Amino acid sequence: MKIACISLGCPKNQVDLDVMVHALLAAGHETVADLAEADVVLVNTCGFIESAKSEAIENILNACAYKKGNPNLKVIVTGCLAERYRDQIKTEIPEVDAVVGCGSNQAICSIVARVTGGEEVESYGAKQEFPLGGKRVIGTPAHYAYLKIAEGCNNRCHYCAIPMIRGPLRSRPLADCVSEAHWLAGEGVKELILVAQDPTAYGEDWGKPGSICALLDALNGIEGLRWIRILYAYPERITDDFIAAMKRNEKVLPYLDLPIQHCNDVILKNMNRRSNHAELVDVIGKLRREIPGITLRTTLIAGFPGETEQQFEELCGFVKEMQFDRLGCFAYSAEENTVAAKMDGQLPDEVKQQRADIIMETQTHIMAQKQAARVGQTLVCLCDGLDEESGLYLLRTEADCPEIDGNVCVKSDTPLYPGTFYKVHITDSDMYDLYGEVQPEDSL
């Protein structure tokens, strides 16, 4: 069968699809990019917040629309939306042929066979059957890849539906993580990006908190890898040992995404977060002292239930004071069956969005200043490839995570090669991107 695959949402979802695609290819199927050529369309969905759900539904409806020209086309929906809204998908989008929960990802080949044989399928494995690893393709450009080191979450933040969707924390065996990292390096991966709901919780389900440090030590020794990036480090788990592990392993980049969500003590408590304002200030200060030049990224939620004008003003002041290098702010989304969705003090959508917009406007000025400060520097950059539309090569510094942060845009008459490191002299900047010239030295 010719199978078109669409992956939405976070890098963890991309890894899930990579495993499914490997199984499908091993079973003799082939993948195609054009939905019009497909016998089967597999939509791997996100269902975290309202905007992600809307994007997933749009993609499902778009896939189903191809049935008009190809009545035999089969549409399979997998991922978080399928896990969370199985009944609604079947009822409201009857054109879907199979709804598959994440715990049934490993059965994707038999599901394809059943669907193409004319059967309607609904398959949900237990949450403890969510795959932690497995043979996979590399769905990203060949020079970087995500390594999923755990599944699920025990944090139980009151606004978050992930534990209901993905279940409790299950850390992947360290040896298994290292084995896959060796394979990725052998395939040409230069940048390894560690992902989980909370990588800093890695090993807690074994009774071994702080196991992320041992994992970093093991990954640092893998030949071929040059950059190791950690996404999502929860502030309450940034211990002295964790900072020491970042410092002693030279391949681990000075880059962290701290999803702090807010700074007001009352709001943080109502969110069921474990940190308070003072502790956040302390850990951010410690990271900057111990790892000079570290890039800190964060996410915030504006308009959480009960958020007063004074509490919002405190958040605005915190953003100005902390001067994060990267920041995203989202209007609070009331997710079904979460504690926060049942709280009193739900704010109007326009108020939530207005507050999120104010935070982002504040951050744009901070970002513009930080970007401008890099003009005149010469930075080591990893080439991602040529942007055909602009004719510019797109590279990234160690401060830029792929698909999340900005680019270093370079015009070069000499070809630059994806997966190769170059020294780039920065000549200009805008709010998100830098612009520069490759130095005449050989690639690094």
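What comes next concerns the included structure. (Residues numbered from 1 in each chain as written. Predicted model: local features only at pLDDT ≥ 70, side-chain atom pairs only at ≥ 80, totals over all residues. Heavy atoms only, no water.)

1. Quick word on the sheet that holds strand β11 (residues 227-230)
Turning to step 1, where the next piece is worked out: With parallel pairing, three strands are arranged side by side in an open sheet as β7-β10-β11. With partners counted over all chains shown, the strands left at the sheet margins are β7 (144-148) and β11, one partner each. Shown here is a sheet whose adjacent strand axes are inclined to one another by a mean of 25°, direction ignored.
Turning to step 2, where the next piece is worked out: As judged from the five bridges shared by β7 and strand β10 (residues 191-195), these two strands associate in the parallel manner. Considered in β10, the bridge of Tyr 146 is made with Ile 193.
Turning to step 3, where the next piece is worked out: Helix-sheet contacts for helix α1 (residues 11-26) involve β7 and β10, and the interaxial angle to β7 is about 90°. (Pairing = 2+ DSSP bridges. Helix = DSSP H or I, 4+ residues; strand = E, 2+ residues; numbered from the N terminus. Axes fitted to C-alpha atoms, helices over the stretch in contact; angles between N-to-C directions. Contact = heavy atoms within 4.5 Å.)

2. As for α1
Side chains three or four residues apart in an α-helix point the same way, a direct result of the helix having 3.6 residues per turn.
Turning to step 1, where the next piece is worked out: Taking 1.5 Å as the rise per residue, α1 with 16 residues should run 22 Å; its terminal C-alpha atoms sit 23 Å apart, in good agreement.
Turning to step 2, where the next piece is worked out: Counting buried residues along α1, 12 of its 16 residues qualify, which places the element largely inside the surrounding structure.
Turning to step 3, where the next piece is worked out: Where α1 is concerned, the buried positions are Pro 11, Lys 12, Asn 13, Gln 14, Val 15, Asp 16, Leu 17, Asp 18, Val 19, Met 20, Val 21 and Leu 24.
Turning to step 4, where the next piece is worked out: Count one or two residues on from α1 and you reach Gly 28, which has phi positive near 100°. (Expected span 1.5 Å × (residues − 1). Buried < 20%, exposed > 50% of the residue type's maximum accessible area, 1.4 Å probe, protein only.)

3. Quick look at the environment of Val 408
Turning to step 1, where the next piece is worked out: Looking at the element boundaries, Val 408 is found in strand β17 (residues 408-410).
Turning to step 2, where the next piece is worked out: C-alpha separation for the pair Val 408 and Ile 193, spaced 215 residues apart in sequence, amounts to 19 Å.

4. Quick notes on the pairing of strand β1 (residues 2-7)
Turning to step 1, where the next piece is worked out: With two bridges connecting them, β1 and strand β2 (residues 30-31) associate as parallel partners. Directly across from Ile 3, in β2, lies its bridge partner Thr 31.
Turning to step 2, where the next piece is worked out: On the question of chirality, the crossover connecting β1 to the parallel β2 by way of α1 is right-handed.
Turning to step 3, where the next piece is worked out: Relative to strand β3 (residues 40-45), β1 is paired through five bridges, and the arrangement is parallel. Note on β3: the bridge partner recorded for Cys 5 is Leu 42. (Right-handed = clockwise from strand over helix to strand, strands pointing away.)

5. Comments concerning the side chain of Arg 84
Turning to step 1, where the next piece is worked out: Assignment of secondary structure puts Arg 84 in helix α3 (residues 80-84).
Turning to step 2, where the next piece is worked out: For Arg 84, a relative accessible area of 17% gives the class buried.

6. Concerning the sheet that holds strand β5 (residues 98-100)
Turning to step 1, where the next piece is worked out: With respect to topology, six strands assemble into an open sheet ordered β2-β1-β3-β4-β5-β6, the strand pairing being parallel. Two strands bound the open sheet, and with one partner strand each, they are β2 and β6 (121-123).
Turning to step 2, where the next piece is worked out: The pairing of β3 with strand β4 (residues 74-79) spans six bridges and is classified as parallel. Within β4, the position partnered with Val 40 by the bridge is Lys 74.
Turning to step 3, where the next piece is worked out: Contacting β1, β2, β3 and β4, α1 runs over the sheet at an angle of about 155° to β3.
Turning to step 4, where the next piece is worked out: Strands in contact with helix α5 (residues 108-116) are β1, β3, β4, β5 and β6; relative to β4, the strand with the most contacts, it is inclined by about 150°.

7. Quick word on the side chain of Asn 249
Turning to step 1, where the next piece is worked out: Within the element layout of this structure, Asn 249 appears in the loop between α9 (240-248) and β12 (255-261).
Turning to step 2, where the next piece is worked out: Owing to a relative accessible area of 5%, Asn 249 belongs among the buried residues under this scheme.
Turning to step 3, where the next piece is worked out: Excluding anything up to four places from it in sequence, Asn 249 contacts Leu 216, Asp 217 and Asn 220.

8. As for the environment of Ile 76
Turning to step 1, where the next piece is worked out: Within the fold, Ile 76 resides in strand β4.
Turning to step 2, where the next piece is worked out: Looking at Ile 76, the relative accessible area reads 0%, which means it is buried.
Turning to step 3, where the next piece is worked out: Placed 71 residues apart in sequence, Ile 76 and Cys 5 show a C-alpha to C-alpha distance of 9.6 Å.
Turning to step 4, where the next piece is worked out: Leave out the neighbours within four places in its chain, and Ile 76 touches Val 40, Val 41, Leu 42, Val 43, Ala 98, Val 100, Ile 108, Ile 111 and Val 112.

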